[in-house]
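Residue-level listing of the chains:
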Amino acid sequence: MKKNILKFQRKTLPKAPTSIQGLDEITGGGLPKGRPTLICGGAGCGKTLFAMEFLVRGATLYNEPGVFISFEETEKELTANVASLGFDLNHLVERKKIWLEHIYVERGEIEQSGEYDLKGLFVRIHRAIESIGAKRVVLDTIESLFSALPNSTVVRTELRRLFGWLKKKGVTTIITGEKGNGTLTRQGLEEYVSDCVILLDHRVTDQSSIRRLRIVKYRGSTHGTNEYPFLIDEDGFSVLPVTSLGLNHISSKERISTGIPRLDTMLSGKGYFRGSTILVSGTAGTGKTSLAAQFVEAACKRGERVLYFAFEESPSQFMRNMASIGIHLEPWVKKGLLHFHATRPTLHGLEHHLTTSIKLIIKVEPQIVVLDPIDAFVIGGNQTEVKIMLLRLVDFLKMRNITAMFASLTKGGENQELTDMAISSLIDTWLLLRDIEIGGERNRGLYILKSRGMNHSNQIREFILTDNGIELLDVYVGPEGVLTGSARLSQEAKNDAEQLSRQQEIEHKKFGIELKRAAMEAQIVVLKSEFKAEESETLKLIEMEIANTKRFAEDKTKMAKSRKADKFIKKTVQSATKI
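Residues numbered from 1 in each chain as written. Predicted model: local features only at pLDDT ≥ 70, side-chain atom pairs only at ≥ 80, totals over all residues. Heavy atoms only, no water.

Another aspect to go through is the overall build of the protein. Within the protein one finds 17 helices and 24 strands. Across the 579 residues in the protein, those meeting the buried criterion constitute 46%. Summed over its atoms, the accessible surface of the protein is roughly 31,300 Å², and 51% of this surface lies on carbon and sulfur atoms. (Helix = DSSP H or I, 4+ residues; strand = E, 2+ residues; numbered from the N terminus. Buried < 20%, exposed > 50% of the residue type's maximum accessible area, 1.4 Å probe, protein only. Areas by Shrake-Rupley, 256 points an atom, 1.4 Å probe, with all protein chains shown as cover.)

Okay, here's the thing in structure tokens:
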């Protein structure tokens, strides 16, 4: 008999999307639909703004009208406060997309009667929901309702009653609460009766403020558990869930030029990989910014967009300085290929810089991003926080196949192959610039510390800043290592002198050979002349001898004929014929 095996089908919890950038990613789709969510945190962390944006996005994007019940701010104050974010609440209220209502709770009345009844609140919320067909509700803040109640049992009972009533109405609810002393809320109870709890934090470290978000609980759903930086700006609330990024990006095999032909040769003749991370480190004055500017110019010439984050110089000063070495960047700014973002690292916290950078990268859509310098973020003992920020940024850039170049100032001494943030593991290609001291001079040197995925040169190359940019020079190695500056010029002069001497010696030997060849040819001419003279004289003698012999034979023949001597004549004639 066959057994019927029922396969369990996994069901996902219905969720209401927030459309708050990054939040839906870490919540797996949004807040629990038809359930209450507690947003808690200290003063100024963004609870009210979070709740208001949830309502506005729902009304404008998902056609889910919302009710906002405020126990502290009036309707006029709320409308004015969120207008700077581009939320026109008056227009939404007119269209019956948003219901704003301020309910003032008189605590004295509660204390006088000794009783607490939420029926009046339920009636007002019900009327608001029915008036616009609301799907979302916000209660801001819960402490205004229960702060006068001394008995925690009564508070817990009333909270359960309130949350249960909201669930029966089937509305997705946000309830804001102020953080207590050692607890998530002042009462310390709201978090236990809520289906989802989100903690907003606004901390100050080393005189820099940092905003972070953490999902404390989410019943019936998986969610991100890390602390995520978030930003409140003119575009509203945005969360950066970059800690959730994995190592699943696709690496490009395309190569791009460094802007310096000889440096391309050192990198197996083709330059950097597209989408790689490049670190240019060195002590002060070694040419880190100049090397980055050369790379930027080459990218712009290829028609690529570049986003340059400058943390020490203004764009005007930067372009002026680079023009002195023949790198003219202003035309590329006018063409819209080069974009600058200049700010002091101390102006905002690390998370604000990170979220601002991400938003600019999304807006500009560059192929190249430069951060100069990254060590400017290191203040006090925050090296670990800076490394985490850079890790998040590098992951984001690699996911978009954006080539990144970081400039970093290193301390002098023997440990120049270390960075303050210990980020070598994040770097694909590391160029180390250093001062080479020899012969009472300091000259610039460059070598490739590492470059993943390619064969690269292991030479230390001297380079100079010329009127046409950066130029790598020929390598001259002496007993004490690479020769630079005057020592290199002296060696070049010595090599030129030796080359000239060898060339002169070769020319001298060539001249001697030519003389010998000429003498030999002259001697051959003389010998040929003598030979012809002797040959001519010899031939004349031979001809004379033949003529004499023939004449002698003829005389003999005549004589024989006159004497009638036949035999003698025959022999004589034969002898003459042979001759």
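From this point, the discussion proceeds with the structure in view.
With 5 of 5 residues buried, strand β15 (residues 306–310) lies mostly within the body of the structure. Along β15, one buried face is formed by Val 306, Tyr 308 and Ala 310 and the opposite face, lined by Leu 307 and Phe 309, is buried too. Strand direction decides the pairing type here: β15 and strand β16 (residues 338–342), joined by 5 bridges, are parallel. Its bridge partner being in β16, Leu 307 is matched across the sheet by His 339. (Pairing = 2+ DSSP bridges.)

Another aspect to go through is helix α12 (residues 315–323). Turn by turn, an α-helix covers 3.6 residues, leaving residues three or four places apart pointing in a common direction. Among the residues of α12, Phe 318, Met 319 and Met 322 are the ones counted as buried. Relative to the axis of α12, the buried residues are bounded by an arc of 95 degrees and lie together on one face. Opposite the buried face of α12, by more than 90 degrees, sit the exposed residues Ser 316 and Arg 320. (Arc of directions from axis to C-beta.)

This part takes up helix α6 (residues 119–132). With 14 residues, α6 should cover 20 Å at 1.5 Å per step; its first-to-last C-alpha distance of 21 Å lies within 8% of that length. Looking at α6, one finds that the buried residues are Leu 121, Phe 122, Ile 125, Ala 128, Ile 129 and Ile 132. Projected down its long axis, α6 carries its buried residues within an arc of 130 degrees, all on one side. Structural note: α6 exposes Lys 119, Val 123 and Glu 130 on the side pointing more than 90 degrees away from its buried face. Taken from the residues just after α6, Gly 133 is the one with a positive phi, measuring 65 degrees. (Expected span 1.5 Å × (residues − 1).)

Glancing now at the environment of Arg 444. Mapped onto the fold, Arg 444 is located in strand β20 (residues 441–451). Judged by relative accessible area, Arg 444 falls into the partly exposed class, the value being 29%. Distance in space between the C-alpha atoms of Arg 444 and Thr 286 is 6.0 Å, their sequence separation being 158 residues. Discounting chain neighbours no more than four positions away, the residues touching Arg 444 are Gly 285, Thr 286, Gly 287, Arg 434, Arg 461, Glu 462, Phe 463 and Leu 465. Within the local environment of Arg 444, its side chain forms a polar contact with the backbone oxygen of Gly 285, the two atoms lying 3.1 Å apart. (Contact = heavy atoms within 4.5 Å. Polar contact = N/O pair within 3.5 Å; in protein donor to acceptor, adjacent residues only side chain to side chain.)

Turning our eyes to something else, we now look at the sheet that holds β20. The 9 strands are arranged β16-β15-β17-β18-β14-β19-β20-β21-β22 in an open sheet whose pairing can be described as mixed. The sheet terminates laterally at β16 and β22 (469–472), the two strands that pair on one side only. When the angles between neighbouring strand axes are averaged without regard to direction, this sheet yields 25 degrees. Direction of pairing for strand β19 (residues 429–438) relative to β20: antiparallel, over a ladder of 10 bridges. Opposite Leu 431, over in β20, you have Ile 448 as the bridge partner. (Axes fitted to C-alpha atoms, helices over the stretch in contact; angles between N-to-C directions.)

For the protein, the average pLDDT comes to 83, and 85% of its residues sit at 70 or higher. Confidence over residues 109–114 falls short of pLDDT 50; this stretch has 5 contacts with residues more than four positions distant or in other chains. (pLDDT = per-residue confidence, 0-100.)

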